[in-house]
Amino acid sequence: MSLVPTLAETISRARADLRMGLPVILGGHLVAAVETLSAERLQDFKALGTPVLALTARRAETLKARVYDDGLGRIELPEDSDLKWLRALADPAGDLMTPMKGPLFTLRDGDATPHMAALALVKSAQLLPAALVVPAHAPAGLTVLAPGAVLAQLAGEAAMDPVAAARLPLALAERSRLHIFRPDDGGAEHYAIEIGDPSRDSAVLTRLHSACYTGDVLGSLKCDCGPQLHAALQAMGEEGAGILLYLNQEGRGIGLANKMRAYDLQDQGFDTVEANHRLGFEDDERDFRIGAALLARLGFGKVRLMTNNPRKVDMLQGHGIDVRERVPLVTARNPFNSKYLDIKARKSGHLL
């Protein structure tokens, strides 16, 4: 029946529930995001049994907690644990002030699939990657999902549907057209800026640009995103043709709130990669398959890619886009982003 929500729609509903602090059910387990959990609901969780805190392996390793499962640690909650203690494990903001949070006892037996699905779901909601999990019957009204289906769906590729397009003169490229694409999984919309009348038969000058509110809009000096965006548009405007894909994957895919958490950790002395790891994320959580899908929907199969990131080249070529040339996009340094750029080169392989 078409009126019943699909798996993708149910997952989108579950993301919204978690962001509001409402638990969901994953395979007979009650799951809540630690970031939005209330003290009252924590007590309700404890009344059902002994809850387990699921953390990514990155965060567990930072806390010196043993990791027995692939990609995550399962920490059994002590009886006297409260919300403050729980959030201190999830959020590294106070790690340097209170480095000792243990002893932490991690589980090594039993099925960890619900915990993996819980973390994947919380990550997709752009919350801190920490989830509270306890076996429980499904209370009426909660969103119910199967863990394996959640993991498979979130690892898959969303279909990109065109929504609208219109002419949009830009300061750096007056003959431009903005296309809006909406994924079928309820995620953020992505944009394609078509400069001039690029041929579908030749390699078009192309840029995959990840959204950066701080750099693109506010003019932040901590990164090179804003200057790269404007340099790419200027090059396309001068050439008379190009495609700039603006992908809503803020903060390398972790979202603006978590990006600000990472900035706070950088102020404590950690570099960009270390900050992501302390939060529980990988170096880069972006899905560049989106770029390949948008290019294909627009009819482009060959590109000259403006990037310093070889991973983008490999990804596009691995998904059917012929990258004829990598066009460097190096912008000026400043005292605030010099270390950031050094880390991009040394740890992330960017060619700077």
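Here the structure is a predicted model, which is why all the values come from computation and not from measurement. (Residues numbered from 1 in each chain as written. Predicted model: local features only at pLDDT ≥ 70, side-chain atom pairs only at ≥ 80, totals over all residues. Heavy atoms only, no water.)

### With respect to a nonpolar patch on the surface
Here is step 1 of the chain: Taken together, the side chains of Tyr-213, Val-217, Leu-218, Leu-256 and Met-260 make up a nonpolar region of the molecular surface, amounting to roughly 460 Å² of accessible area.
Here is step 2 of the chain: Listed by contribution, the elements that provide at least two residues to the nonpolar patch are helix H7 (213-217) and helix H10 (256-267).
Here is step 3 of the chain: For Tyr-213, the location among the structural elements is in helix H7.
Here is step 4 of the chain: With relative accessibility at 40%, the residue Tyr-213 sits in the partly exposed group. (Patch = residues over 30% accessible without salt bridge, like charges linked within 9 Å, V, L, I, M, F, W, Y side chains within 5 Å. Areas by Shrake-Rupley, 256 points an atom, 1.4 Å probe, with all protein chains shown as cover. Salt bridge = Lys/Arg side-chain N within 4 Å of Asp/Glu carboxyl O. Helix = DSSP H or I, 4+ residues; strand = E, 2+ residues; numbered from the N terminus. Buried < 20%, exposed > 50% of the residue type's maximum accessible area, 1.4 Å probe, protein only.)

### Regarding the side chain of Asn-308
Here is step 1 of the chain: Relative to the helices and strands, Asn-308 resides in the loop between strand S12 (302-306) and helix H13 (310-318).
Here is step 2 of the chain: In this structure the side chain of Asn-308 is engaged in a polar contact, spanning 2.9 Å, whose partner is the backbone oxygen of Leu-329.
Here is step 3 of the chain: Excluding residues within four positions of it along the chain, Asn-308 makes contact with Gln-228, Arg-326, Pro-328, Leu-329, Val-330, Gly-349, His-350, Leu-351 and Leu-352. (Polar contact = N/O pair within 3.5 Å; in protein donor to acceptor, adjacent residues only side chain to side chain. Contact = heavy atoms within 4.5 Å.)

### Comments concerning the environment of Leu-53
Here is step 1 of the chain: Within the secondary structure layout, Leu-53 lies in strand S3 (residues 52-56).
Here is step 2 of the chain: What makes Leu-53 buried here is its relative accessible area of 0%.
Here is step 3 of the chain: In sequence terms Leu-53 and Ala-140 are 87 residues apart; their C-alpha atoms lie 24 Å from each other.
Here is step 4 of the chain: Once residues within four sequence positions are removed from consideration, Leu-53 is found in contact with Val-34, Gly-73, Arg-74, Ile-75, Leu-77, Leu-86, Leu-89, Ala-130, Ala-131 and Leu-132.

### Some points on the nonpolar core
Here is step 1 of the chain: Core analysis: the largest hydrophobic core is formed by 25 residues, its most contacted members being Leu-37, Leu-53 and Leu-86.
Here is step 2 of the chain: Of all the secondary-structure elements, those providing two or more residues to this core are strand S2 (29-33), helix H2 (39-48), S3, helix H4 (83-90) and strand S5 (130-135).
Here is step 3 of the chain: Per-element tally for this core: the top contributor is H4, with 5 residues.
Here is step 4 of the chain: Dropping the residues within four chain positions of it, Leu-86 is found in contact with Val-34, Leu-37, Leu-42, Leu-53, Leu-77 and Leu-132. (Core = buried A, V, L, I, M, F, W, Y, C linked by side-chain atoms within 4.5 Å.)

### Comments concerning the UniProt feature "binding site: GTP" (unreviewed entry) in the protein chain
Here is step 1 of the chain: In the numbering adopted here, UniProt assigns the feature "binding site: GTP" (unreviewed entry) to Arg-207, Leu-208, His-209, Ser-210, Ala-211, Gln-228, Glu-250, Gly-251, Arg-252, Thr-272, Thr-307 and Lys-312. The annotated residues occupy 106 residues of the chain and do not converge on a single region, their most distant C-alpha atoms lying 22.8 Å apart.
Here is step 2 of the chain: Secondary-structure assignment places Thr-272 in helix H11 (residues 272-279).
Here is step 3 of the chain: With relative accessibility at 11%, the residue Thr-272 sits in the buried group.
Here is step 4 of the chain: Setting aside anything within four residues of it in sequence, one finds Thr-272 in contact with Arg-252, Gln-266, Tyr-340 and Ile-343.
Here is step 5 of the chain: Mapped onto the secondary structure, Lys-312 falls in helix H13.
Here is step 6 of the chain: Residue classification places Lys-312 among the buried positions, given a relative accessible area of 5%.
Here is step 7 of the chain: Apart from the residues within four sequence positions on either side, Lys-312 is in contact with Arg-207, Leu-208, Phe-288, Leu-305 and Thr-307.
Here is step 8 of the chain: Of note is the side chain of Lys-312, whose polar atom sits 2.6 Å from the backbone oxygen of Leu-208. (UniProt positions renumbered as here; feature names shortened; annotations may be inferred.)

### Section: the pattern of salt bridges
Opposite charge on two side chains makes pairing possible when the charged atoms of those side chains draw close.
Here is step 1 of the chain: As enumerated under the stated definition, the model contains 21 salt bridges in all.
Here is step 2 of the chain: Residues Arg-261 and Glu-35 are paired through a salt bridge, measuring 3.0 Å at the closest nitrogen-oxygen approach. Placement of the pair is Arg-261 in helix H10 and Glu-35 in the loop between S2 and H2, with a sequence separation of 226 residues.
Here is step 3 of the chain: Here Glu-285 makes a salt bridge to Lys-123, at a shortest N to O gap of 2.9 Å. Here Glu-285 is found in the loop between H11 and helix H12 (289-298), whereas its partner Lys-123 is found in helix H5 (residues 113-124), with 162 residues between them in sequence.
Here is step 4 of the chain: Note on Lys-123: relative accessible area 24%, which makes it partly exposed.

### Some thoughts on the pairing of strand S11 (residues 241-247)
Here is step 1 of the chain: The element S11 is largely enclosed, with a buried count of 7 among its 7 residues.
Here is step 2 of the chain: Of the two faces of S11, the one holding Ala-241, Ile-243, Leu-245 and Leu-247 and the one holding Gly-242, Leu-244 and Tyr-246 are both buried throughout.
Here is step 3 of the chain: Note: strand S9 (residues 190-196) against S11, 6 bridges, orientation antiparallel. If you follow Gly-196 over to S11, its bridge partner there is Ala-241. (Pairing = 2+ DSSP bridges.)

### Some points on the UniProt feature "active site" (unreviewed entry) in the protein chain
Here is step 1 of the chain: Mapped onto this structure's residue numbering, the UniProt feature "active site" (unreviewed entry) falls at Asp-284 and Arg-286.
Here is step 2 of the chain: Structurally, the position occupied by Asp-284 is in the loop between H11 and H12.
Here is step 3 of the chain: If we ignore the near neighbours within four places in the chain, the residues touching Asp-284 are Arg-252 and Arg-311.
Here is step 4 of the chain: Within the element layout of this structure, Arg-286 appears in the loop between H11 and H12.
Here is step 5 of the chain: Arg-286 gets classed as buried once you look at its relative accessible area, which sits at 13%.

### As for helix H8 (residues 225-239)
Two residues of an α-helix separated by three or four positions point the same way, owing to the 3.6 residues in each turn.
Here is step 1 of the chain: The end-to-end C-alpha distance of H8, which contains 15 residues, comes to 21 Å, matching closely the 21 Å that a straight helix rising 1.5 Å per residue would cover.
Here is step 2 of the chain: Two residues or fewer after H8 comes Gly-240, characterised by a positive phi angle close to 90°. (Expected span 1.5 Å × (residues − 1).)

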